[in-house]
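The primary structure of each chain is shown beneath.
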Amino acid sequence: MATAPLNQYPLWKHFSILAVIVIIGLYSLPNLYPSMPAIQVSHESGELDAATPPVLRRALQEKGIQAQGEDQGDNRLLLRFSDTEQQLQAFEAGKQALDGRHVVALNLATSMPGWLRSIGASPMNLGLDLRGGVHFLLEVDMKAAGAKAINNYAAAVRVDLREAKLRRFSVTQTGDEVKIRFRDAASRAAGHEVLDEEYGNELDFAEVDGNDGFLLVATINEETMRETQSLAIQQNIQTLRNRVNELGVAEPVIQQQGAARIVVQLPGVQDTAQAKEILGATATVEFRMVNEQSDPFEAAETGRIPTGSILYYERDSKSPILLKRDVMLTGDSIINANSGFDENGLPAVIITLDGKGAARFSKVTAENIKKLMAVVFIDNKTVIINQDGEQRRRTVKSEEVVSVARIQEQLGKRFQIEGLDSTHEALKLALLLRAGALAAPVEIVEERTVGPSLGQQNIDLGKKSIIIGFILVMVFMALYYRLFGVAADLALAVNLILIIGIMSLIPGATLTLPGIAGIVLTVGMAVDANVLIFERIREELRNGNSPQASIHAGYSKALSTIADANVTTLIAAIVLFVFGTGPIKGFAVTLSIGIVCSMFTAIMGTRALVNLYYGSQKSPSLAV
Amino acid sequence: MQLLKDKLNIDFMGKRKLALMLSGVLIVVSIVAMAARGLNLGIDFTGGTLVEVGYSDSVQLEPVRRALLANGLDDAIVQHFGTSRDVLIRLPVEETDRDKSSLSNKVIHALEPTGSPEVRRVEFVGPQVGGELRDKGGLAMLYALIGILVYVALRFEWRFSLGSVAALVHDVVLVVGFFALTQTEFDLTVLAALLAVIGYSLNDTIVVFDRIRENFRRIRKATSEKVINTSINQTFSRTLMTSITTLLVLIALYLFGGEVIHAFSIALIVGVLVGTYSSIYVASTSLLALDVSKENLMPVESAGRSDDGSQV
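Residues numbered from 1 in each chain as written. Chains lettered and ligands numbered in written order. Predicted model: local features only at pLDDT ≥ 70, side-chain atom pairs only at ≥ 80, totals over all residues. Heavy atoms only, no water.

### Let's talk about the overall build of chain A
Which entries qualify depends on this criterion: What counts as a helix is a DSSP run of H or I of at least four residues, what counts as a strand is a run of E of at least two, and both are numbered from the N terminus. This radius of gyration counts C-alpha atoms alone. The globule rule is 2.2 Å times how many residues there are, raised to the power 0.38. Accessible area is worked out with a 1.4 Å probe on protein chains only. A residue is then buried under 20% of its type maximum, exposed over 50%, and partly exposed in between. The contact rule is simple, with two residues in contact once any of their heavy atoms fall within 4.5 Å. The charge count includes Lys and Arg as positive and Asp and Glu as negative, but it does not include His or the ends of the chains. Note that the charge is assigned to NZ on lysines, CZ on arginines, CG on aspartates and CD on glutamates.
Looking only at helices and strands, one finds 16 helices and 22 strands in chain A. Rg of the C-alpha trace for chain A: 34 Å, well past the compact-globule value of 25 Å for 624 residues, more than 25% over. In chain A, which comprises 624 residues, the share counted as buried stands at 53%. For chain A, restricting intrachain contacts to residue pairs at least 6 apart in sequence, the fraction spanning at least 24 positions comes to 72%. Taking the average place of the 58 positive charges on the side chains of chain A and the average place of its 67 negative ones, the gap between the two points comes to 4 Å.

Encoded structure:
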């Protein structure tokens, strides 16, 4: 016989198959190691500075807390501890040692050895239904955002017309438009000109001659409306992010979904009542004068606070400051706040006030030129306390000074806060001001919470059903197809390892309970390819073909059937992925990965085994 | 080991009138059930609030109901979930309630006197989101069917494509009918299962179709009915085997997977049974009804299919 043997793979093919299995198998290993309690430290700016780890280490050392290991990467520091007791102590110590711009969170970290870490391996992400936590879908009330905007414009228009010395006009706001009624066409023309100059970019004006006088109707133009709405979303996201950072949640997800919705996912959070309270609350800002006569440090130390003053702390430096009791201005009066630059090119925040606020503010600032003014940001904050060995979260109202600036002149409708350290600082202050000013109300439209015990139970039940289903199929296949069945069983085991390895390798893939169901289903369906092949081989043998030819024909004839059958299942899985939400997507992901892997293991994998065993025999009797 | 004898020759197609009647009756029952009883839609689709709590010991439902009633939650549905220690409380969406999402807090608060149970799960779906999920689910089903219709039409021929989609629609109607009849809760996971059933049933159908195509090209002189019958017989042991292995894991999932995926596994079990049947009787019978013949497949072959090199 001069022809090459039918059923022998060249050596490189064996090695390639082995290499794929070993490499992906390696990346599935981290899932075998249990997770350990940990604390995670990151920085608001997104960049963790190099000085942080030593500060933290020293703080822990002073408290006698021993970390089991530490991980640094992705601009976060992860410290592992042997038990939750140590974890909570370290959490408290970390919060005290680091300033307010650091985010300290409780987390779980894998206990896998360093060499796995060094090849970039990591365990699978677990969905909220497996690890416990809350999922919220919030909807921003865009109507309210628009109404608030038009309301502000109505007030501002009134002031501008009065300042332009126009008399006898009336401004009314109905629905989403502002109607300005003039006595005659001439004054309307004058008014139109004034307003056009001021708001031409933001408002559309239309002159209407009704039976009730000469009307000028202003509506917010499309672009401004879009901007208003997108700002409303951005502000809400920013506010949520601030609050979630305070919650001490590791790996929170806060994302815009569609035009008006925000997804918030908080792994590990159990107290949903609390979480809802925190997410739903609205922040405000207040402007107050600084009491420059008394020493704030002395007041903070002795507790003797001068009459007419209140003791506050600055947000970043945590240093005390005394503010006057009277509020100059509240966030309600702020129409907009943007970061920008002053005339010297230094970072600044430009604030626009509504009419009423501007009038009052201009009067107060005129009396206080060259004095210090402070911006207080008021929000609900959460603290974690250790009560009877259990960690509880408590909401407290927090009032912090976010900016102190000297009044240089009488301030009016538009003014700016200067003397900021960086553009980042300006950006943040503007966001805080907006968050405290016109954050549109949000409503929770969907909530899914899974408690930690149910999450663990889901994992246990999922594992159990995979193992039992797996064993049942293995036994059945081995009994039915004998040696070939054993080859299929090995392929099935490898398939499972590959699914887990690939799920761990794809950064965005998340294992959910339906995802586990998908794996179980794959276990049942993955052998289909082998069933097809083995049935073909049996058929070929029955038709009187030689064993070697039967193996060859069985594999090659079944191939196109397997491909067709799997592609159609993939279509269903992909549709499921595109249309599914949350956990359902997880089902589509594992099902798709399982289908693709099964093609590899059931066709190439079993063929390699069969070839190794039978390939060199001249006329074997096949155990199929 | 072998389940079936070597040269299987069951006259599947000869019994197609019987099968047609069976399918017809089942479809009518399903549609009547859907119309008369409707689906017991879960809160994913209707909107509403669901709270699952776990007590440390077995608990009677009566005190739980009384506690809820005392707090004005009179339209709550209370039932055990899995074990007698776990209780599931469902509340419909109240249009009047402004802050709908806080209803679960009220429930948890109301249950405190009954022994401060642990909150295991809270789900709230606003009415609008429920409606969207419903629409999305329907669309997903439609797109999956269209995608499959196109793929099969490209790979085979339009008659095959119609046949497979007829089988899929048949399966979906029967599974949904089963849920209407038994009033098992129909939620998002069941919808996912339904799409998986589509995938599975199609998988089965394609295997049979593939053999039919192969045999049409191979067997020169035979009626269409005979060719189809032979093909079904040849693939029958594979069809059974795969159904068995899949059912094995699904039963494991049903028994050990926990209460949350019960409905999901039931949908798949029913779907696999129906899908196996339909790939033989609905899909193949449709081919006969559409007068498929050798000639229909010849032009496809002469068009130079490169991926069919395996078909000796």
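The discussion continues.
### What about the overall build of chain B?
Threshold: Computed with a 1.4 Å probe, the accessible areas rest on the Shrake-Rupley method; for each residue, only the protein chains presented here act as cover.
Summing up its helical and strand segments, chain B has 10 helices and 4 strands in all. Of the regular secondary structure in chain B, the N- to C-terminal order runs α-α-β-α-β-β-α-β-α-α-α-α-α-α. What you see for chain B is a C-alpha radius of gyration of 25 Å, clearly larger than the 20 Å of a compact globule of 312 residues, by over 25%. Considering only C-alpha atoms, chain B reaches an extent of 80 × 45 × 35 Å along its principal axes. Residue pairs at least 24 apart in sequence account for 78% of intrachain contacts in chain B once pairs closer than 6 positions are excluded. For chain B, the accessible surface area stands at approximately 13300 Å², while carbon and sulfur atoms represent 61% of it. Counting 29 positive and 32 negative side-chain charges, chain B places the averaged centre of each group 11 Å from the other.

### Some points on the confidence of the model for chain B
Residues and elements named next belong to chain B. Defined as follows: Per-residue confidence from the predictor is reported as pLDDT, which spans 0 to 100.
Across chain B, the average pLDDT comes to 86, with 93% of residues at 70 or higher. The secondary structure element of chain B with the lowest average pLDDT is helix H10 (residues 294-302), at 61, and the one with the highest is helix H1 (residues 16-36), at 94. Predicted confidence for residues 300-312 stays below pLDDT 50, and this span has 19 contacts to residues more than four positions away or in other chains. Two numbers describe this predicted complex: its pTM, 0.78, and its ipTM, 0.86.

### Thoughts on the packing of aromatic side chains
Condition: Note on aromatic contacts: the rings of Phe and Tyr and the six-membered ring of Trp form a pair at centre separations within 6.5 Å, being stacked when their planes are under 30 degrees apart, edge-to-face when over 60 apart, and tilted otherwise. Whether a charge sits over a ring depends on NZ of Lys or CZ of Arg being within 6 Å of the ring centre and within 35 degrees of the ring normal.
What the rule picks out here adds up to 22 aromatic pairs over all chains. When the centroid spacing of 5.6 Å and the interplanar angle of 15 degrees are considered together, the rings of Phe484(A) and Tyr614(A) count as stacked. Within this pair, whereas Phe484(A) is found in helix H13 (residues 452-505), its partner Tyr614(A) is found in helix H16 (residues 583-614), the two being separated by 130 residues in sequence. Residue Phe484(A) shares its accessibility class with Tyr614(A), and that shared class is buried. Ring pairs connect the aromatic residues Phe476(A), Tyr480(A), Tyr481(A), Phe484(A), Phe534(A), Tyr613(A) and Tyr614(A), which therefore count as one cluster. For Arg213(B), the ring lying beneath its charged end belongs to Phe156(B), and the centroid distance is 4.2 Å.

### Re the interface of chain B and chain A
Going by this rule: Accessible area that two parts lose when put together, with a 1.4 Å probe and added across both, is what the buried area reports. Within this document, salt bridges are pairs made up of a side-chain nitrogen of Lys or Arg and a carboxyl oxygen of Asp or Glu, the two lying within 4 Å of each other.
In this complex, chain B contributes 76 residues to the contact, which on the side of chain A involves 66 residues. Looking only at chain B, the three residues that lose the most surface to chain A are Met1(B), Arg120(B) and Phe256(B), adding up to 11% of its buried area. For the pair chain B and chain A, the number of links is 8 salt bridges. Note that Glu132(B) is salt-bridged to Arg261(A), the shortest N-O span being 2.8 Å.

### A few points about the pattern of salt bridges
All names here are of chain A. In the structure shown here, the tally under the stated rule is 35 salt bridges over all chains. Between arginine 188 and aspartate 209 there is a salt bridge, with the nearest N and O atoms lying 2.9 Å from each other. Note that arginine 188 is positioned in helix H7 (residues 185-199) and aspartate 209 in strand S9 (residues 203-210), a separation of 21 residues in sequence. Judged by its relative accessible area of 57%, aspartate 209 is exposed. A salt bridge links glutamate 286 to arginine 288; its shortest N-O distance comes to 2.7 Å.

### Things to note about the sheet that holds strand S1 (residues 35-43) of chain A
All names here are of chain A. Rules: Following DSSP output, two strands are said to pair if at least two bridges run between them. Under this scheme, a helix contributes an axis fitted over its contacting stretch, all axes are lines through C-alpha atoms, and angles between N-to-C directions fall in the 0 to 180 degree range.
Taken in spatial order, the 4 strands of this open sheet run S2-S3-S1-S4, and their pairing is antiparallel. Lying at the two open borders of the sheet, with one neighbouring strand each, are strand S2 (69-73) and strand S4 (102-110). Within the sheet, the average angular offset between the axes of one strand and its neighbour, ignoring direction, is 25 degrees. In this sheet, strand S3 (residues 76-80) lies alongside S1 in antiparallel orientation, the contact comprising 4 bridges. Counted as the bridge partner of isoleucine 39 is leucine 79 from S3. Sitting on the sheet, helix H2 (residues 52-63) touches S1, S2, S3 and S4, and the angle it makes with S3 is about 25 degrees. Taken strand by strand, helix H3 (residues 84-97) contacts S1 and S4, and its axis lies near 160 degrees from that of S4.

### Observations regarding the sheet that holds strand S10 (residues 213-220) of chain A
Residues and elements named next belong to chain A. The 4 strands lie next to each other as S7-S8-S10-S9, forming an open sheet whose pairing is antiparallel. One side of each edge strand has no neighbouring strand; the edge strands of this open sheet are strand S7 (170-174) and S9. Across this sheet, the average inter-strand angle for adjacent strands is 25 degrees, counted without regard to direction. Where S7 and strand S8 (residues 177-182) come together, 5 bridges link them in antiparallel fashion. Looking across to S8, one finds that valine 171 is bridged to isoleucine 180. Lying over the sheet, helix H6 (residues 142-163) contacts S7, S8, S9 and S10, oriented at roughly 175 degrees with respect to S7. Docked against the sheet, H7 engages S8, S9 and S10, running at close to 170 degrees with respect to S9.

### Some points on helix H4 (residues 103-111) of chain B
Rules: In this context, the arc is that of the directions from the helix axis out to the C-beta atoms.
For H4(B), the full list of buried residues reads Leu103(B), Ser104(B), Val107(B), Ala110(B) and Leu111(B). The buried residues of H4(B) occupy an angular sector of 125 degrees when projected down its axis, which confines them to one face.

### Describing the nonpolar core
The following threshold applies: Put simply, buried Ala, Val, Leu, Ile, Met, Phe, Trp, Tyr and Cys residues joined by side-chain atoms within 4.5 Å make one nonpolar core.
The biggest cluster of nonpolar side chains holds 144 residues, and the ones touching the most others in it are Met477(A), Tyr481(A), Phe484(A), Phe534(A) and Phe160(B). At 18 residues, the largest contribution of residues to this core is made by helix H7 (residues 188-218) of chain B. The residues contacting Phe160(B), other than those within four sequence positions of it, are Val152(B), Phe209(B), Ile212(B), Leu287(B), Val292(B) and Leu297(B). Met328(A), Leu329(A), Met373(A) and Leu420(A) belong to the second-largest nonpolar core, a separate cluster that totals 28 residues.

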